[in-house]
Amino acid sequence: MKNPVRKKIKLIAIDLDGSLLTSQNNITERTALTIKELISRGVIFVIATGRMFPSARKYALQFGPNTQVISYNGALVKSAAGELLLHKPIPLNLAKDVMSFLRERKWHVNSYIDDVLYVKELNQKALIYARNSDVTPQVAGDEIYNPKKEPTKLLVVANDPSQTEQIRDEIKLNFNGLLFVAISSPLYIDLGNPETSKGRAIKFLADRLGIERDEICVIGDSENDVEMFEAAGVSIAMGNAREDVKSKASFVTASNDEDGVAIAIEEIVIPRYL
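So, here's what we can say about the structure. For every chain, the first residue of the written sequence is number 1, and numbering continues from 1 onward in sequence order. Per-residue local features of the predicted model are confined to residues with pLDDT of at least 70, and side-chain atom pairs are confined, for both listing and counting, to 80 or more; whole-chain, interface and lining totals are unaffected and use all residues. The basis for every side-chain value is the complete set of heavy atoms in the structure, and neither hydrogens nor water enter the calculation.

### Looking at unusual backbone geometry
For Tyr72, which is not a glycine, the phi torsion comes out positive at approximately 50°. With respect to the helices and strands, Tyr72 occurs in the loop between β3 (68–71) and β4 (76–79). Positive phi, close to 60°, is recorded for Asp115, a residue that is not glycine. Secondary structure is summarised from DSSP: a helix means a run of H or I of at least four residues, a strand means a run of E of at least two, and numbering begins at the N terminus for each. By the secondary structure assignment, Asp115 is in the loop between β6 (108–113) and β7 (116–119).

Here is the structure:
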């Protein structure tokens, strides 16, 4: 019996935080060069992140204006040049219900509307997030709990990692399938339109480009990357990923501070799938 023919990878999608970026929020020269090597071979490069588009765009532009950016966990898809391809925000009435729920629990929330980050106040959580994401938040006061437009995403910030799963589970229980809910970092719980995920956005791009599932490779490290794994023929978890995330990937590479993305491309993608 012959071994099945492996399909050549035509699209690679990589998460930002904890994957493409080091803990210092930069892309190493080695990693940048390996991605550019893939692009030179005709592979389409996509950034897939929970971050807002303006925060992700500066990294995408390092690889050209046509780089596709899946932001807000798939709720917004644009090219680095700004061409809008897809936008699925949280319905307004649902967003108001969620904000009321979060207000009652006094959990810190970020609200993203029209690519602007809104916070209730400039507390430590808001300032740390703004610094790490290189964005300027707008202070909305209590008006943040009564949005006038549909948010593209909401994000809850836990006080410490021990609370993150409990907050995620409480939100899931109360909104029972009405929201996309996923942990995106040790302190962050992302909330979005239930029809959005990185996986759905990748499928949207692949269908648009005529690319099959087996021709897609993805790399990520967090719970919000798991649906992306399911949308690809080849999935690679970072060495710094949670164990439950690693268990769902085809391969595991080194950590984001050990050039894990570059190693995955050099040792898995290029020799096996190009």
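### Here's the deal with the sheet that holds β4
The strand order β5-β4-β3-β2-β1-β12-β13-β14 describes an open sheet built from eight strands, whose pairing is mixed. Each having just a single partner strand, β5 (84–87) and β14 (251–252) make up the two edges of the open sheet. At least two DSSP bridges between two strands are needed for those strands to be called paired. With three bridges connecting them, strand β2 (residues 44–48) and β3 associate as parallel partners. Across the sheet, Ala48 pairs through a bridge with Ile70, a residue of β3.

### Comments concerning the pattern of salt bridges
Criterion for a salt bridge: a side-chain nitrogen of Lys or Arg within 4 Å of a carboxyl oxygen of Asp or Glu. Tallying each qualifying case throughout the model produces 25 salt bridges. For Glu83, the salt bridge goes to Arg208, with nearest N and O atoms at 4.0 Å. Separated by 125 residues along the polypeptide, Glu83 in the loop between β4 and β5 and Arg208 in helix α7 (residues 198–209) bring together distant segments of the chain. Glu83 sits in the partly exposed class, given a relative accessible area of 46%. Linking Lys246 and Glu243 is a salt bridge whose minimum nitrogen-to-oxygen distance equals 3.3 Å. Note on classification: 1.4 Å probe, protein chains only; a residue is buried when its accessible area is under 20% of the maximum for its type, exposed when over 50%, partly exposed between these limits.

### A short note on the packing of aromatic side chains
Here a Phe, Tyr or Trp ring, Trp counted by its six-membered ring, pairs with any other such ring whose centre lies within 6.5 Å, and the pair is stacked when the planes are under 30 degrees apart, edge-to-face when over 60, and tilted otherwise. Tallied over the entire structure, the rule returns six aromatic pairs. Between the aromatic rings of Phe45 and Phe63, the centroid separation amounts to 5.0 Å while the plane-to-plane angle is 70°, which identifies the pairing as edge-to-face. Taken as a pair, Phe45 in strand β2 and Phe63 in the loop between α3 (53–60) and β3 lie far apart in primary sequence, 18 residues in all. Just as Phe45 is buried, Phe63 falls in that class too.

### Considerations on the layout of surface pockets
To find leftover empty space, a probe the size of one water molecule is rolled over the atoms. Put plainly, a pocket is an open set of points on a 1 Å grid over the protein atoms alone with protein on both sides within 12 Å along at least five of seven lines, a cavity is a set where a 1.4 Å probe fits but cannot get out, and a lining residue has an atom within 4 Å of a point. Grid points are joined across faces, edges and corners, and a volume is the space filled by probe spheres set on the points. In this structure, the largest pocket spans a volume of roughly 820 Å³. Lining the largest pocket are 39 residues; nearest its centre among them are Asp17, Ser184, Ser185, Pro186 and Tyr188. Looking at the lining of the largest pocket, the elements with two or more residues in it are α1 (16–20), α5 (124–133), β9 (153–157), α6 (161–175), β10 (180–185) and β11 (188–192). Of the residues assigned to the lining of the largest pocket, the class counts are 13 nonpolar, 17 polar and nine charged. Residues are grouped as follows: Ala, Val, Leu, Ile, Met, Phe, Trp, Tyr, Cys and Pro are nonpolar; Asp, Glu, Lys and Arg are charged; every other residue, Gly included, is polar.

### Focus: the nonpolar core
To qualify as a nonpolar core, a set must consist of buried Ala, Val, Leu, Ile, Met, Phe, Trp, Tyr and Cys residues joined through side-chain atoms within 4.5 Å. Ranked by size, the top nonpolar core spans 45 residues in total, and within it Ile12, Ile14, Leu20, Phe45, Ile219 and Ile236 carry the most contacts. Excluding residues within four positions of it along the chain, Phe45 makes contact with Ile12, Ile14, Leu20, Ile35, Ile39, Phe63, Thr67 and Gln68. With 24 residues, the next largest nonpolar core counts Leu85, Ile216, Ala232 and Ala249 among its residues. Any two residues whose heavy atoms approach within 4.5 Å at even a single point are treated as in contact.

### Points about the environment of Val234
Topologically, Val234 is positioned in strand β13 (residues 234–237). Apart from the residues lying within four places of it in its own chain, the contact partners of Val234 are Ile9, Ile216, Cys217, Val218, Ser250, Phe251 and Tyr273.

### Some details on the sheet that holds β7
Pairing within the open sheet is mixed, and its six strands lie in the order β8-β7-β6-β9-β11-β10. The sheet terminates laterally at β8 (138–139) and β10, the two strands that pair on one side only. As paired strands, β6 and β7 are joined by three bridges and run antiparallel to one another. When the sheet's bridge partners are listed, Tyr112 is paired in β7 with Leu117. Sheet contacts for helix α4 (residues 92–105): β6, β9 and β11; angle to β9, the most-contacted strand, approximately 10°. Contacts from α6 reach β9, β10 and β11, with the element oriented near 170° to β10. Orientation is described by axes fitted as lines to C-alpha atoms, over the contacting stretch for helices, and by angles from 0 to 180 degrees between their N-to-C directions.

### Thoughts on a nonpolar patch on the surface
In this scheme, patches are assembled from residues that exceed 30% relative accessible area and form no salt bridge. Like charges are connected within 9 Å, while nonpolar side chains (Val, Leu, Ile, Met, Phe, Trp, Tyr) are connected within 5 Å. Here, Shrake-Rupley sampling with a 1.4 Å probe gives the accessible areas, and only protein chains in the shown set may cover a residue. Together, Leu122, Leu127 and Val139 give the surface a local cluster of nonpolar side chains, amounting to about 270 Å² of exposed area. The residue Leu122 is located in the loop between β7 and α5 in this model.

### Quick word on the side chain of Asp259
Structurally, Asp259 can be placed in the loop between β14 and α10 (260–273). Charged residues are defined here as Lys and Arg on the positive side and Asp and Glu on the negative side; His and the ends of the chain fall outside this count. Buried charged residue Asp259 carries no salt bridge. Nearest counter-charge: Arg30, at 4.1 Å. Two N or O atoms form a polar contact when they lie within 3.5 Å of each other; inside protein one atom must be a possible hydrogen donor and the other a possible acceptor, and for residues adjacent in sequence the pair counts only when both atoms belong to side chains. At a separation of 2.4 Å, a polar atom in the side chain of Asp259 contacts the side chain of Thr28. Discounting chain neighbours no more than four positions away, the residues touching Asp259 are Thr28, Arg30 and Thr31.

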